[in-house]
Amino acid sequence: MAQLEAVYRQEAVAQLDEGCRDAVDRAAARIAEAADGDVPVYGVNTGFGKLASLKIEAKDTAKLQRNLILSHCCGVGEAMPVELVRLMMTLKLLSFGRGASGVRWELVQLLQDMLALGVTPIVPAQGSVGASGDLAPLSHMTAVLIGEGEAGFQGETLPGQEALAKAGLTPIELGPKEGLAFINGTQFSTAYALSGLFEAWRAAGNALAISALSTDAIMGSTAPLQPEIHSLRGHRGQIEAASAMRAILEGSQIRESHREGDSRVQDPYCIRCQPQVTGAAMDVLRQAAVTLEIEANAATDNPLVLTEAGLIVSGGNFHAEPVGFAADMIALALSEIGAIAQRRIALMVDPTLSFDLPPFLTPEPGLNSGLMIAEVTTAALMSENKHLANPCVTDSTPTSANQEDHVSMAAHGARRLGQMCENLNHILGVELLCAAQGVEFRAPLVTSAPLQNAVARLREDIPPLTEDRYMAPDLSRAKELVASGAIIAAMGSDMPELG
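In what follows, the accompanying structure is described. Numbers given for residues are sequential positions, taken from 1 along each chain in its written order. Local features in this predicted model are restricted to residues of pLDDT 70 or higher, and side-chain atom pairs are both shown and tallied only at a pLDDT of 80 or more, whereas totals for entire chains, interfaces and linings draw on every residue. Computation of side-chain values covers all heavy atoms of the structure but excludes hydrogens and water.

All right, on to the pairing of strand 4 (residues 150–153) then. Note on pairing: DSSP must find at least two bridges between two strands before they are called paired. Labels follow the DSSP assignment, with helices taken as runs of H or I lasting at least four residues and strands as runs of E lasting at least two, numbered in each case from the N terminus. Two elements, strand 2 (residues 120–121) and strand 4, share two bridges in a ladder whose sense is antiparallel. Opposite threonine 120, over in strand 4, you have glycine 152 as the bridge partner. Here four bridges tie strand 4 to strand 5 (residues 156–159), and the two strands are oriented antiparallel to one another. By the bridge assignment for strand 5, glycine 152 is matched with threonine 157.

Lines fitted to the C-alpha atoms define the axes, with helices restricted to the stretch that makes contact. Angles between their N-to-C directions range from 0 to 180 degrees. Contact geometry of helix 17 (residues 410–440) with helix 19 (residues 472–484) gives a least axis separation of 8 Å together with a crossing angle of 105 degrees. Between helix 17 and helix 19, the interaxial angle falls into the category roughly perpendicular. Across the interface between the two elements, Glu422, Asn425, His426, Leu428, Gly429, Val430, Leu432 and Leu433 of helix 17 pack against Asp474, Leu475, Ala478, Lys479, Val482 and Ala483 of helix 19. Classification convention: Asp, Glu, Lys, Arg as charged; Ala, Val, Leu, Ile, Met, Phe, Trp, Tyr, Cys, Pro as nonpolar; all other residues, Gly among them, as polar. Looking at the contact of helix 17 with helix 19 residue by residue, the class counts come to eight nonpolar, three polar and three charged. The labels follow the angle: roughly parallel below 35 degrees, roughly antiparallel above 145, roughly perpendicular from 65 to 115, and oblique for the rest. Should any heavy atoms of two residues lie within 4.5 Å, those residues are considered in contact.

A pairing counts as a salt bridge when a side-chain nitrogen of Lys or Arg comes within 4 Å of a carboxyl oxygen of Asp or Glu. Within this structure, the stated rule accounts for 25 salt bridges. Put simply, arginine 30 and glutamate 33 hold a salt bridge, and the shortest N to O gap is 3.8 Å. Of this pair, arginine 30 and glutamate 33 both sit in helix 2 (residues 21–35), separated by three residues, roughly a single helical turn. When accessible area is computed with a 1.4 Å probe and restricted to protein chains, residues below 20% of their type maximum are described as buried, those above 50% as exposed, and intermediate ones as partly exposed. The exposure class of arginine 30 is partly exposed, given its relative accessible area of 22%. A salt bridge links lysine 166 to glutamate 156, with the shortest nitrogen-to-oxygen separation between them at 3.4 Å. Note that lysine 166 is positioned in helix 7 (residues 160–166) and glutamate 156 in strand 5, a separation of ten residues in sequence. Judged by its relative accessible area of 46%, lysine 166 is partly exposed. A relative accessible area of 39% places glutamate 156 in the partly exposed class. Sharing partners across several salt bridges, the network here consists of Arg457, Glu460, Asp461 and Arg477.

Right under this line is the structure:
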């Protein structure tokens, strides 16, 4: 997962270990042998989908594969982000490396060269139903390898053949089954799901840190973080969440000031149950990570070449049901992390609940509205994420003349995670603004050293809200600080790891 995240976040260049080449070559030789024979083999010398019963003559097999790619370039909508296209290309390399797809090494090498030189296919993000492979998006990716479609290169969008030529590369004519090997697969859905997972995990870490700041802002209790409470239940995420929050809050003067004589017996759930809620979300994200790591290393095209058995067998590994389930799990976690964060924001701006903080966290309420509408915005985003968290994997619909009669909908199930992460980071950005403002109202008492560092990092970009001002830039910048990991980095605290 660390390697995949480096490809995603840093656009690291990936290539297959040469040790897998023998298996790749043997599978390609088996396909070449089948193409020269008279026995119908799906996708090698037959049509596709509902047209699988139609035999194709040997002289037409190259044209068959080219036509497959061109006819399947039916994507619509905005182009995939570059980092996701590169992740998708890397996942396709991993799939080929299993030695079951039957592609020649020359195609593997071209894909690797494109990654190394920065030739990135332009891939519309809509059009896959997540079964029979992510056909449309993977076709747009593959089109560039045969000199068609469009690609980005050195800041320009160019015709595929021109982009390759400028990079010193040459298109390749597809051989038997090779087009099908490229487009029957789950790499589009898996790339988006991995992106959602990586961003969700960072958001969970931010939620733990910022909720600790919120706890101090409302002068909440750290008693619910007592380690014995969490070990008695036993869930890993909950235990780690409580441990991280304890470490972050250690040494807070604000906390020490009300250990005795506090009239409140218990804090609201959004403070008291943060380890239980975000910790549970962390456990769900880790379950999704197990599925996605397996899928990232899987051979998912069709048919597959079983070289040891001497067989070419049609199956259904292109069906992205595991990815669809993982995406829905990630969506649930994102929604719940945001839901409890939004309640902490509501707590801090409400003078009846915030333990003597001024209404809406402004020094002069009435004349100023403070963070009143920032909280309303988070309520809107929380509600939107709740709707987006509805499962996608259950929404099958038949396609391809009922040949492909159950599909996973993993593609848009995974793609919607990007918007959910954006929404969640906005919510956490507003919580950060509120919590920092609240802690500053507790002066001369100060929070813990890690949280002081977090507030100081925030204040480098966003000053305290002393009176009303144009708020949109503040919200946007706070969101970026959260999403980039800058707040966690400023704290210097160890956060739970995905693995």
